[in-house]
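An overview of the molecular structure
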Amino acid sequence: MDAIEAARAVVHEHHLDARAAFLGGSVVTGCRTATSDLDTVVLLHGAPAPYRASLQYAEWPVEMFVHTEATWHSYVERELRKRRSPLLCMCAQGLLLFDTDGLGAHLAAEARELTSAGPPAVSAEEIEDRRYAITDLLDDLVGSNDQSERLFIANELVRRTGELALAVGGSWGGGGKWLARRLEATVPGLSMRLHHGPAEVLGGRVEPLVAVVDEVIEQAGGRLWVGCRRSGTP
């Protein structure tokens, strides 16, 4: 059973009265792998939505994201504030499996419009917080002589530096494989340069990773430590 056939079948099995459904994620792109699952967004009239469930259908692992029209909008609004919206992407870039009353087409058009417009502008305070955290990690990396510590510091630096590059570039954020994919689309070549960093660190050389991180952080204003202050509870 192919991905589209399986996605339609599993939605009909669990929600025969669904208004619309989408199949998104890697299976509808050129990035599909042997372990890709079926990311399905299902729109209902009401209960039991909203909920999320992981299940198996035939040979396919399935992630089902079930919403009403109202909860779809509330979840999108929440994700927009985080500058990272898997739900929007699944509906904007995914395949509309069926649409009984036009809701699917309407939400797909809205999702495409929102994703094309890009995420909200990142605040100056958020950029400063990211610079501060990365500066702290750079100091920890250079000062550490413990290989286990260095490994985890380097991995954290890679992740945070990638996230900063996306924020500075005005791109949507992402986690895991989607961080790598969005980073390659926003700053081609940076992901691969960061990729080599932890291996260099474990080989005893921190300078290559530090250099790449500094290049990215300079675009945001450079390292930040002295003079950084936040009001509120320490």
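Preceding this paragraph is the structure being described.
What you see is a predicted model, and the numbers here were worked out from it, not measured in a lab.

Cut-offs and rules
Residues numbered from 1 in each chain as written. Predicted model: local features only at pLDDT ≥ 70, side-chain atom pairs only at ≥ 80, totals over all residues. Heavy atoms only, no water. 1 Å grid on protein atoms, 1.4 Å probe; cavity = no way out; pocket = protein on both sides within 12 Å on 5 of 7 lines; lining within 4 Å. Points joined across faces, edges and corners; volume = space filled by probe spheres on them. Helix = DSSP H or I, 4+ residues; strand = E, 2+ residues; numbered from the N terminus. Nonpolar A, V, L, I, M, F, W, Y, C, P; charged D, E, K, R; others polar. Salt bridge = Lys/Arg side-chain N within 4 Å of Asp/Glu carboxyl O. Pairing = 2+ DSSP bridges. Axes fitted to C-alpha atoms, helices over the stretch in contact; angles between N-to-C directions. Contact = heavy atoms within 4.5 Å.

Observations concerning the layout of surface pockets
By volume, the largest pocket is sized at about 790 Å³. In terms of lining residues, the largest pocket is bounded by 32 residues, among which R52, F65, P86, L87 and M90 are the most central. Put simply, the parts of the chain that give the lining of the largest pocket at least two residues each are strand 3 (51-57), strand 4 (60-68), helix 2 (69-81), helix 3 (86-93) and helix 7 (177-186). Broken down by element, the residue count for the lining of the largest pocket peaks at 5 residues, all from helix 3. Taken together, the residues of the lining of the largest pocket break down into 11 nonpolar, 11 polar and 10 charged. When its volume is computed, the second largest pocket comes out at roughly 200 Å³.

Here we look at the pattern of salt bridges
A complete count under the given rule lists 12 salt bridges for this structure. Salt-bridge contacts for D101 lead to R19; the nearest nitrogen and oxygen are separated by 2.7 Å. Linking D101 in the loop between strand 5 (95-99) and helix 4 (103-117) with R19 in the loop between helix 1 (3-14) and strand 1 (20-24), this pair joins segments that are 82 residues apart in sequence. Close ionic contact of E156 with R160 constitutes a salt bridge, the shortest N to O distance being 2.9 Å. Of this pair, E156 and R160 both sit in helix 6 (residues 147-168), separated by 4 residues, roughly a single helical turn.

A look at the sheet that holds strand 5
What the 5 strands build is an open sheet, ordered 3-4-2-1-5; its pairing is mixed. One side of each edge strand has no neighbouring strand; the edge strands of this open sheet are strand 3 and strand 5. Taking the axes of each pair of neighbouring strands and ignoring which way they run, one obtains an average angle of 20 degrees across the sheet. Sheet contacts for helix 4: strand 1, strand 2 (38-44) and strand 5; angle to strand 5, the most-contacted strand, approximately 150 degrees.

That is the geometry; function is a separate question.
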